[in-house]
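Given next are the chains, with one letter for each unit.
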Amino acid sequence: MNFDRSKRLFEEGQKNLVGAVNSPVRAYKSVGGTPLFIKKAKGSKIIDVDNNQYIDLVLSYGPMILGHRPKKIEKSIVKALKNGYTFGATSAGEIELAKIICDAFPSMDKVRFVNSGTEAVLSALRLARAFTNKNKIIKFSGCYHGHTDALLVAAGSGLATLSLPGSSGVPKEAVQNTLIAEYNNIEKVKNHINKHDDIAAVILEPITGNMGVIVPSPEFISELRRITKEKGILIIADEVMTGFRSKFGGAQELIDLEADITCLGKVIGGGFPVGAYGARNEIMEMVAPLGDMYQAGTLSGNPIAMASGIATLKELKKQNPFDTFNKVAEKIETILKEAAKENNIALQVNRFGSMINPFFSKNRVVDFETAQTSDTEKFKTFFWSMIQNGVFLPPSQFEAWFLSTALSNKDLKIIEKAIYAAMQAIDQHHNS
Ligand SMILES: *Cc1c(COP(=O)(O)O)cnc(C)c1O
């Protein structure tokens, strides 16, 4: 496999783009080597600038749940394009997408559209603080909620448990109201709640994807809801990744989480920049122009993005692929485990719906700390072998793989073959 053009673009891009990327994970630092530059994508496949073709299990980190450029979606987008790109006034598509979303989420009466998941989360924090008149936020180490200052702490970095900014440029003051707890562990949450009376909200990924896939225990979720309710603390379900991924609606229902505020992104834009936050009327009526919590956006509710989101969600509802996703994910899990066993490799596989994650670890992965026991060197070998065998994966041990409805049985065979080859490569390089 030849990566010459990708290599050239990676060098050329360094001059005027920071690290030749617009989002750090795309630089492939955790797997080494040259990042792939993409030329185009169609259906289940993605093609790089050297014309190498891969089965895409990144799907732009989730949004392309129907695969790339499905005909129907493309048609809706082109139709919208012809009416204009942005108006600075509300258009009917915004109302339509809002209705689809609110109908799918019992916890939401109203939504507000923004342009990214980050923006949804930072607005949700402001809203939780406005509604409760309190300041502190509990966040779980390893959960990622976008790059807003207040939550760039223990965001999948090594700074877990200390309230230290996970990035330079974030003032101490910006994170001093952020309290860190461990996912799947209710004790630390209880300690925080007993110690502080100024807690506005707990924010969590209902199923994590940003430290790899981790499913919370039912007891953790029910206790979390019980104690927060008792103290008037809101729960913010960050469903930017999980929204419309494992059911038509939220993972919150699948895990019996009664959320107060929900954040969305990724799938709801079908590949265009859309985020949203929503809640029951009582909470959303705090937001301007109904209330005095200010939040705005020049391109929010962009008509092209709305058309893409509406078409994607309608088609998703029609196809209802969620049972199939479970079966395909189960099949991939079986393949991963058997291939690992055959090659004497310690492996855990976590999955939920259409999100799946192998961890190169002998420990069960239930939180950030156990996720960190994964052998990232093995993942590197695995990643590049998968690429060589035609499967495009997120370039990190700690990112979920995603399934799309475009995946065929033939694609699955390619994935299976690639997994066996990759496990053999690990056996050769790492088992001695
Ligand atoms: C992707 C993601 C975000 C950030 O969304 P952007 O659109 O990248 O700003 C926030 N929360 C979760 C859970 C995510 O997966």
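Criteria and thresholds
Residues numbered from 1 in each chain as written. Predicted model: local features only at pLDDT ≥ 70, side-chain atom pairs only at ≥ 80, totals over all residues. Heavy atoms only, no water. Helix = DSSP H or I, 4+ residues; strand = E, 2+ residues; numbered from the N terminus. Rg over C-alpha atoms; globule rule 2.2 N^0.38 Å. Buried < 20%, exposed > 50% of the residue type's maximum accessible area, 1.4 Å probe, protein only. Contact = heavy atoms within 4.5 Å. Areas by Shrake-Rupley, 256 points an atom, 1.4 Å probe, with all protein chains shown as cover. Lys, Arg positive; Asp, Glu negative; His and termini not counted. Charge placed at Lys NZ, Arg CZ, Asp CG, Glu CD. Near = heavy atom within 4 Å. Polar contact = N/O pair within 3.5 Å; in protein donor to acceptor, adjacent residues only side chain to side chain. Nonpolar A, V, L, I, M, F, W, Y, C, P; charged D, E, K, R; others polar. Salt bridge = Lys/Arg side-chain N within 4 Å of Asp/Glu carboxyl O. Phe/Tyr/Trp six-rings, centres within 6.5 Å; stacked < 30°, edge-to-face > 60°.

Considering the overall build of the protein
Then, number 1: Of the regular secondary structure elements, the protein holds 14 helices and 14 strands.
Then, number 2: In summary, the protein has a C-alpha radius of gyration of 21 Å against a globular reference of 22 Å for 432 residues, a match within 12%.
Then, number 3: Within the span of the protein, comprising 432 residues, buried residues form 57% of the whole.
Then, number 4: The long-range fraction of contacts in the protein, counting pairs at least 24 apart against all pairs at least 6 apart in sequence, stands at 72%.
Then, number 5: Summed over its atoms, the accessible surface of the protein is roughly 19000 Å², and 50% of this surface lies on carbon and sulfur atoms.
Then, number 6: Between the mean site of the 51 positive side-chain charges and the mean site of the 45 negative ones, the protein shows a separation of 5 Å.

Focus on the site of the ligand
Then, number 1: In the vicinity of the ligand, the residues found are S116, G117, T118, Y144, H145, G146, E205, N210, D238, V240, M241 and K266.
Then, number 2: D238 places a side-chain nitrogen or oxygen 2.7 Å from a nitrogen atom of the ligand.
Then, number 3: For the shell around the ligand, the per-class residue count stands at 3 nonpolar, 6 polar and 3 charged.

As for the pattern of salt bridges
Then, number 1: Applying the stated criterion across every chain yields a total of 20 salt bridges.
Then, number 2: Among the salt bridges present, the one from K72 reaches E315, with a minimum N-O distance of 3.0 Å. Of this pair, K72 sits in helix α2 (residues 71-81) while E315 is found in helix α10 (residues 303-319), placing the two residues 243 residues apart along the sequence.
Then, number 3: Accessibility expressed as a relative area gives 13% for E315, which makes it buried.
Then, number 4: The network of salt bridges with common partners includes K190, E223, R226 and E230.

Describing the packing of aromatic side chains
Then, number 1: Going through the model one piece at a time under the given rule, you end up with 16 aromatic pairs.
Then, number 2: Seen in terms of ring centroids, F105 and F244 are 5.7 Å apart; in terms of plane orientation they differ by 70°. Their pairing is edge-to-face. Of this pair, F105 sits in the loop between α3 (92-104) and β4 (110-114) while F244 sits in the loop between β8 (234-238) and α8 (251-254), and the two are 139 residues apart along the sequence.
Then, number 3: The interplanar angle of 40° and the centroid separation of 6.3 Å between the aromatic rings of F379 and F382 together place this pair among those described as tilted. Placement of the pair is F379 and F382 together in helix α13 (residues 376-388), with a separation of 3 residues, close to one helical turn.
Then, number 4: Look at F379 and you get buried, because its relative accessible area is 2%.
Then, number 5: On the basis of relative accessibility, which here comes to 0%, the residue F382 falls in the buried class.
Then, number 6: The structure contains a cluster of three or more aromatic residues connected by ring pairs, namely F3, Y28, F360, F379, F382, F383, W384 and W401.

By themselves, these figures tell us nothing about what the structure is for.
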